[in-house]
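# Descriptive analysis of the structure
Residues per chain are reported as follows:
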Amino acid sequence: MIKKQYSLTVCQGTGCISGGAEDIFSSLEDEIDRLNLGEGIRIKRTGCHGFCQRGPLVVVDPETSSGLFYSKVAPGDVSDIIQSFLPGGKPVERLFYRDPASSKPIPNYHDIPFYRKQERIVLRNCGHIDPEDIDDYLATGGYQALRKALFEMTPEQIIAEVKQSGLRGLGGAGFPAGRKWEATFRAGGNEKYVICNADEGDPGAFQDRSVLEADPHSVLEGMVIAGYAVGARRGFIYVRAEYPLAVKRLRIAITQARDKGFLGRDILGSGFGFDIEIFRGAGAFVCGESTALVLSIEGKRGMPKPLPRPRTAEVGLWGKPTLLNNVKTFANIPLIIVRGSEWFASRGTETSKGTAIFSLTGKVANCGLIEVPMGTRLREIIFDIGGGVPGGKAFKAVQTGGPSGGCIPASLLDMPVDFDSLTAAGSMMGSGGMVVMDEDTCMVDVARYFLDFTQRESCGQCIPCRVGTKQMFSVLDDITTGQGRPEDIDLLLELGESVAGTSLCALGQTAPNPVLTTIRYFRDEYEAHIHEKRCPAGVCQALVSKTPSLSKREGEGDK
Amino acid sequence: MDRRKGERKELISLLQETQTELGYLPKGAMQEIACFLGIKAVEVWGVATFYNQFRLVPLGKHPVKVCMGTACHLARGRLILEALERELDIKVGETAEDGNFSLERVACIGCCMLAPVVVIGDRIHPKMTPFKVEEALIPYKILTKQAS
């Protein structure tokens, strides 16, 4: 029999499930039953650990300093894992994570550089608790913030706390959360709404999905506190259609929260009532914009309302004051309430407090979900946590902010990452996508890719966006197919300026960013495509045959 | 519709349920929904054509979705799409004549670390290559053969 008590967690995030994590969980369970070890080994499902690239993941005793991290677990490894707990058993070395540079095994969960350099606040419970079991969330101190808010604080005090924390909306634009809360609080009327924006439409971003899948209760708790603070009694979570697992786990979480009295008519006997409904989006990028999202919940086409217009905080859903925040913004709230605004504001930079969450993907060794204090340098994120570019390739650029953001070159790698520095570099925080590009990436092709996306997703009501993005796309298409003309770069700059300056909503206003930043930092690549009919990275198919391998090397240089 | 109140805000979820049930949105169903909600059929049509999720033609029995997110694009997702077009002998956006497969592109399914990704039915297939595409389709092809 086993002397010690072990805890075994099996990641059940979308990434690990696609690698067969569900089968691994049931095989582990069967094996524990078969050997009658149920008393010694506690097994549970968790949400995403963030290190999806190494999945399926199994972690032994994650809460202890000696926690073991098993990566790329296959059904054939199950019996060895269980045997390792028996007397005389040894850890399964072949499943250890290996440092990509030295290929040394790193057995300990907490020693892996990917995790060690992070500071997980919003992701605090991700990978640690069972998202389908409210008791697990309660055991970590869950819903204590709600108790404190309801019984020890007035709405004004809560709003003051959120304001003082300096929390900015983590959906992209970075609007101070406290000011939004205050505006909704001050807006008249006794019917108000709280909406959680989980319409994560940016290609290359998945942190909202991961939080909802791994820790849905923290979002629900944040929303109930928000409801109490601004005076709303109903909340909606607008979830993307492409996230079925997130919807499933949210449904379970809402039911459990109702059963325990954290949602419903009279929450914890405080007299305050609040309930949450899930609204499944139907796939439209523009619905991330607040007025479009509101129209979508009303059952209409999600087309942003023209300016000037009252703010959603004053006239929102069905014309009522509505507080709309992103998933991660709500997930921060319980901690700000429990630990206080000072604790929160001690992280980050002067103007961006707290942490930033990125979906680190593309040409980087350790892809996954990461959380770092605002102000962390790009180099630390990409090289220390991300492990750099694999295959000995040279780093070329990092794209942040999805279709609304831009490409940042190697020369800016020492830039601290926060809302304002990214904007100054011509990019933006956006929803937190961070896609690393190496020497084999063609920057003109990347610009074309994003414009292809925005011109498809343009809702079509204003001309600069509908026609402008299409025009920009066709110019880029010409350049990548060898039809580029010398005047095209100036044409793109001019078009970009008018689209950015005259579009009605943020989709159009930011759509030119991928083009403008790639011209700003990688103009030579545009010139090679146009003047020499050559794609230096060897990506653009129409130009590939004209790219001798020697000139490709020279063309790359030391970018 | 029995569980519904006939409110305007139910339109999108009604369309979603109809599509889940029937695989697409037939004209008759949209007209019925319009009557039920007391709105013009053209409004239903407007919403159905605005959102990417809705199909006006039936999907295949095994719908194939190719992710075209940024990470998948960098990982040459385009080649996967082309391989699927060849393998299924249909173009993106089409449904095969026998109704077994359909092929569409999606913006991002949020599994970027597994790029390039293909979804067949409900299953996510990670790190695809043109060769693995062929392999991934085999079980579905066997299924359709058995059915016929």
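Because the structure is predicted, anything quoted here is derived from the model rather than measured.

Moving on, we get to the nonpolar core. By size, the foremost hydrophobic cluster in this structure holds 118 residues, and its most contacted members are A:Ile158 and A:Trp181. For A:Ile158, the residues in contact, after removing those within four places along its chain, are A:Ala149, A:Met153, A:Trp181, A:Ile225, A:Tyr228, A:Ala229 and A:Ile337. Formed by 37 residues, the second largest nonpolar core is a distinct cluster that contains B:Leu11, B:Leu25, B:Ile39 and B:Val44.

The next point concerns the side chain of B:Thr144. Residues and elements named next belong to chain B. Looking at the secondary structure, you find Thr144 in helix H6 (residues 130-147). A relative accessible area of 12% places Thr144 in the buried class. Discounting residues that sit within four places of it in the chain, Thr144 has contacts with His62, Asn100 and Phe101.

Turning our attention to the sheet that holds strand S10 (residues 322-326) of chain A. Residue and element names in this part refer to chain A. Within the open sheet, the 4 strands sit side by side as S9-S8-S7-S10. Their pairing is parallel. For this open sheet the edge positions go to strand S9 (275-280) and S10, each flanked by a neighbour on one side alone. In this sheet, neighbouring strand axes are inclined to one another by 20° on average, regardless of whether the strands run parallel or antiparallel.

Residue and element names in this part refer to chain A. Strand order in the open sheet formed by 4 strands is S2-S1-S3-S4, with mixed pairing between adjacent strands. Every other strand in the sheet has two partners, leaving strand S2 (41-46) and strand S4 (68-70) as the edge strands with one partner each. Strand after strand, the sheet turns through a mean of 20° between neighbouring axes, direction not considered. Strands in contact with helix H2 (residues 21-34) are strand S1 (6-11), S2 and strand S3 (58-60); relative to S2, the strand with the most contacts, it is inclined by about 165°.

Mapped onto the secondary structure, A:Gly402 falls in the loop between strand S13 (395-400) and strand S14 (406-409). C-alpha separation for the pair A:Gly402 and A:Pro203, spaced 199 residues apart in sequence, amounts to 6.3 Å.

The next subject is helix H12 (residues 290-297) of chain A. Summarising burial for H12(A): 7 of the 8 residues are buried, a large majority. For H12(A), the complete set of buried residues consists of A:Thr291, A:Ala292, A:Leu293, A:Val294, A:Leu295, A:Ser296 and A:Ile297. Elements in contact with the buried residues of H12(A): strand S7 (193-198), strand S8 (234-239), S9 and S10 of chain A together with helix H1 (11-22) of chain B. Positioned one or two residues after H12(A), A:Gly299 has a phi angle of 90°, which is positive.

This brings us to a nonpolar patch on the surface. Residues and elements named next belong to chain B. The grouping of Val42, Trp45 and Leu56 at the surface amounts to a nonpolar patch, some 290 Å² of accessible area in total. Note that Val42 resides in helix H3 (residues 41-50). Classification of Val42 by relative accessible area gives exposed; the value is 55%.

Residue and element names in this part refer to chain A. Across chain A, the average pLDDT comes to 92, with 97% of residues at or above 70. Least confident of the elements in chain A is helix H23 (residues 549-556), whose mean pLDDT is 43; most confident is helix H10 (residues 216-230), at 98. Across residues 547-559 the pLDDT falls below 50, and counting only partners more than four positions away or on other chains, this stretch makes 19 contacts in the model.

Right, let's get into the side chain of A:Asp199. Residue and element names in this part refer to chain A. Here Asp199 shows up in the loop between S7 and helix H9 (207-214). In this structure, Asp199 is buried with no salt-bridge partner, the nearest side chain bearing the opposite charge being Arg240 at 4.9 Å. At 3.4 Å, the side chain of Asp199 forms a polar contact with the backbone nitrogen of Gly288.

Looking now at the packing of aromatic side chains. Residues and elements named next belong to chain A. Taken as a whole and judged by the stated rule, the model has 23 aromatic pairs over all chains. Summarising the aromatic geometry, the rings of Phe51 and Phe114 are spaced 4.1 Å apart at their centres and angled 10° between planes, so their arrangement reads as stacked. Separated by 63 residues along the polypeptide, Phe51 in the loop between S2 and S3 and Phe114 in helix H4 (residues 113-116) bring together distant segments of the chain. When sorted by exposure, Phe51 lands in the same class as Phe114, which is buried. Ring centres of Tyr70 and Phe96 lie 6.1 Å apart, and the angle between their planes is 10°; this geometry places the pair in the stacked category. Of this pair, Tyr70 sits in strand S4 while Phe96 is found in the loop between helix H3 (78-83) and strand S5 (97-98), placing the two residues 26 residues apart along the sequence.

Our focus in this paragraph is the domain arrangement of chain B. Along its sequence, chain B is organised into domain 1 (8-50) and domain 2 (62-147). Distance between the C-alpha centres of domain 1 of chain B and domain 2 of chain B: 28 Å.

Once that is clear, we can look at the packing of helix H2 (residues 27-37) of chain B against H3(B). Packed helix pairs are characterised by how far apart their axes lie and by the angle those axes make with each other. Residues and elements named next belong to chain B. Between H2 and H3, whose axes approach to 8 Å, the crossing angle comes to 120°. Looking at the two axes, H2 sits oblique to H3. Judged by the twist between their axes, the crossing of H2 over H3 is right-handed. Contacts from Met30, Gln31 and Ala34 in H2 reach Ala41, Val44, Trp45 and Ala48 in H3. Each residue belonging to the contact of H2 with H3 can be placed in one class, and the counts come to 6 nonpolar, 1 polar and no charged.

Below, the discussion takes up the interface of chain A and chain B. The partner chain B presents 34 residues to the 56 residues of chain A that form the contact. For the pair chain A and chain B, the two sides together bury roughly 3,400 Å², of which 58% comes from carbon and sulfur. Linking B:Arg105 and A:Asp452 is a salt bridge whose minimum nitrogen-to-oxygen distance equals 4.0 Å. The set of elements that each furnish at least two residues to the side of chain A that touches chain B consists of helix H1 (14-18), S8, S9, H12, strand S11 (355-362), strand S15 (433-438) and helix H17 (443-457) of chain A. Looking at the side of chain A that touches chain B element by element, the count peaks at 8 residues for H17(A). Residue composition of the side of chain A that touches chain B, by class: 25 nonpolar, 15 polar and 16 charged.

Turning our attention to H1(B). Taking 1.5 Å as the rise per residue, H1(B) with 12 residues should run 16 Å; its terminal C-alpha atoms sit 16 Å apart, in good agreement. As for H1(B), its buried residues are in contact with S9 and H12 of chain A together with H2 and H3 of chain B. Following H1(B) by one or two positions, B:Gly23 has its phi on the positive side, about 90°.

Next up on the list: the pattern of salt bridges. Where charged atoms from two side chains of opposite charge come close, those side chains can pair. Residues and elements named next belong to chain A. What the rule picks out here adds up to 38 salt bridges over all chains. Residue Asp477 pairs with Arg448 through a salt bridge whose shortest N-O separation is 2.7 Å. Pair noted here: Asp477 is in helix H18 (residues 463-480) and Arg448 is in helix H17, with a separation of 29 residues, a long-range link. Each of Arg377, Arg379, Glu380 and Asp414 takes part in a single network of salt bridges with overlapping partners.

For the rest of this paragraph, the subject is the confidence of the model for chain B. Residues of chain B with pLDDT of at least 70 account for 99%, and the chain-wide mean is 90. The ipTM, which scores confidence in the relative placement of chains, is 0.89 for this predicted complex, and the corresponding pTM is 0.91.

Residues and elements named next belong to chain A. With respect to the helices and strands, Phe419 occurs in helix H16 (residues 419-424). Under the relative-accessibility criterion, Phe419 is labelled buried at 4%. Not counting the four nearest positions on each side in its chain, Phe419 is found in contact with Arg168, Gly169, Leu170, Gly172, Gly174, Ser352, Met374 and Met429.

Our focus in this paragraph is the domain arrangement of chain A. Taken domain by domain, chain A consists of domain 1 (6-116), domain 2 (134-345), domain 3 (355-438) and domain 4 (443-544). For domain 1 of chain A and domain 4 of chain A, the distance between their C-alpha centres works out to 45 Å.

What counts as what
Residues numbered from 1 in each chain as written. Chains lettered and ligands numbered in written order. Predicted model: local features only at pLDDT ≥ 70, side-chain atom pairs only at ≥ 80, totals over all residues. Heavy atoms only, no water. Core = buried A, V, L, I, M, F, W, Y, C linked by side-chain atoms within 4.5 Å. Buried < 20%, exposed > 50% of the residue type's maximum accessible area, 1.4 Å probe, protein only. Contact = heavy atoms within 4.5 Å. Helix = DSSP H or I, 4+ residues; strand = E, 2+ residues; numbered from the N terminus. Pairing = 2+ DSSP bridges. Axes fitted to C-alpha atoms, helices over the stretch in contact; angles between N-to-C directions. Patch = residues over 30% accessible without salt bridge, like charges linked within 9 Å, V, L, I, M, F, W, Y side chains within 5 Å. Areas by Shrake-Rupley, 256 points an atom, 1.4 Å probe, with all protein chains shown as cover. Salt bridge = Lys/Arg side-chain N within 4 Å of Asp/Glu carboxyl O. pLDDT = per-residue confidence, 0-100. Lys, Arg positive; Asp, Glu negative; His and termini not counted. Polar contact = N/O pair within 3.5 Å; in protein donor to acceptor, adjacent residues only side chain to side chain. Phe/Tyr/Trp six-rings, centres within 6.5 Å; stacked < 30°, edge-to-face > 60°. Domains from an automatic or database assignment. Parallel < 35°, antiparallel > 145°, perpendicular 65-115°, else oblique. Left-handed = near helix turned anticlockwise from the far one by under 90°. Nonpolar A, V, L, I, M, F, W, Y, C, P; charged D, E, K, R; others polar. Buried area = accessible area lost by both parts, 1.4 Å probe. Expected span 1.5 Å × (residues − 1).

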